[in-house]
Each structure stands twice: as C-alpha cells, then as structure tokens.
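# Tertiary structure, described
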Amino acid sequence: MANVVVGLALLAFWLYCLFDVITTPAEYIRGLPKGMWVLITVVPAIGGLLWLLAGRPQYAPAVPSEAEQPPPPSGPRGPDDDPDFLRNLERRLRDED
C-alpha cells in the first residue's frame, strides 16, 4: 500500500512539473531552452527537481508594491457610493411623504 501512495505522489509531482514546463512562456525559463526542459522533465523524479531548482522562473511577489499599484478610481463605483445620487434619493423619499 505504501508503494502505491509513493508512486501516486511521484506521478503527481512529475505531471505537475511537466505541465509547468509546457505552460511557462519560453522567455521566462532560466538556463536552457524550453524544449530541453521538456526532455529533462521526462525523467520522472530527477527531471522535476532540476526544473524546480534550476529552470523554473522566479516570479515577482504576488502583492505589487505601492509604486506598481494602479491609482484608485476617480469617480464613484456604484450608486451607493455617489453622494449626489444619495442626496437625490433622500429628496425624492421626503417628497413622497
């Protein structure tokens, strides 16, 4: 039973690495050309480890810095955020009473 679990874990790791190589844009891959990394990851355990350590791109942090963040929207986003709409709504409600 333990052999089956280890085998499935290795299969999942190998498939993850193979799909990661295939879906990564070629200009972001480090070290070797993309085709070579596909061939290297065909070797089940060692190829995947090599890919993760030496070929996989080192992406920027998921949270952008303050300089990279887009400015907040200039106008209201919805009717509840629009002060003119709310004033007009209050005025209409008072007129109905």
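To keep things clear, this report deals only with the structure shown in the data block.

Each value, and the rule that gives it
- Residues numbered from 1 in each chain as written.
- Predicted model: local features only at pLDDT ≥ 70, side-chain atom pairs only at ≥ 80, totals over all residues.
- Heavy atoms only, no water.
- Phe/Tyr/Trp six-rings, centres within 6.5 Å; stacked < 30°, edge-to-face > 60°.
- Helix = DSSP H or I, 4+ residues; strand = E, 2+ residues; numbered from the N terminus.
- Buried < 20%, exposed > 50% of the residue type's maximum accessible area, 1.4 Å probe, protein only.
- Polar contact = N/O pair within 3.5 Å; in protein donor to acceptor, adjacent residues only side chain to side chain.
- Contact = heavy atoms within 4.5 Å.
- Expected span 1.5 Å × (residues − 1).
- Axes fitted to C-alpha atoms, helices over the stretch in contact; angles between N-to-C directions.
- Parallel < 35°, antiparallel > 145°, perpendicular 65-115°, else oblique.
- Left-handed = near helix turned anticlockwise from the far one by under 90°.
- Nonpolar A, V, L, I, M, F, W, Y, C, P; charged D, E, K, R; others polar.

## Quick look at the packing of aromatic side chains
If you walk through the whole model with that rule in mind, you get 1 aromatic pair. Ring geometry for tryptophan 37 and tryptophan 51: centres 5.6 Å apart, planes at 70 degrees, overall edge-to-face. Of this pair, tryptophan 37 sits in helix 2 (residues 34-41) while tryptophan 51 sits in helix 3 (residues 44-55); the two residues are 14 residues apart in sequence, bridging distant segments of the chain. For the pair shown, tryptophan 37 and tryptophan 51 are each scored as buried.

## Some details on the side chain of threonine 41
The residue threonine 41 is located in helix 2 in this model. Overall, threonine 41 belongs to the buried group, its relative accessible area being 0%. A polar atom in the side chain of threonine 41 sits 3.0 Å from the backbone oxygen of valine 38.

## Description of the environment of glycine 48
Tracing the backbone shows glycine 48 in helix 3. By relative accessible area, which is 0% here, glycine 48 ends up buried. Not counting residues within four places of it along the chain, the set of residues in contact with glycine 48 comprises Phe13, Cys17 and Val43.

## Notes on helix 1 (residues 2-23)
Under the 1.5 Å per step criterion, the end-to-end length of helix 1 is 31 Å for 22 residues, consistent within 8% with the ideal 32 Å. Structurally, helix 1 contributes buried residues whose contacts are with helix 2 and helix 3.

## Remarks on the packing of helix 1 against helix 3
Packed helices, taken two at a time, are described by the angle between their axes plus the distance between the axes. Contact geometry of helix 1 with helix 3 gives a least axis separation of 9 Å together with a crossing angle of 45 degrees. On the basis of the axis angle, helix 1 is oblique to helix 3. Here helix 1 runs over helix 3; the crossing is left-handed. When helix 1 is examined against helix 3, the residues Leu10, Phe13, Trp14, Tyr16, Cys17, Asp20 and Val21 are found in contact with a partner set consisting of Pro44, Ala45, Gly48, Leu49, Trp51 and Leu52.

## Brief notes about the packing of helix 2 against helix 3
Contact geometry of helix 2 with helix 3 gives a least axis separation of 7 Å together with a crossing angle of 140 degrees. For the pair helix 2 and helix 3, contact is made by Trp37, Ile40 and Thr41 and by Pro44, Gly47, Leu50, Trp51, Ala54 and Gly55, respectively. In terms of residue class, the contact of helix 2 with helix 3 is made up of 6 nonpolar, 3 polar and no charged.

Treat this as a map of the structure, not an account of what it does.
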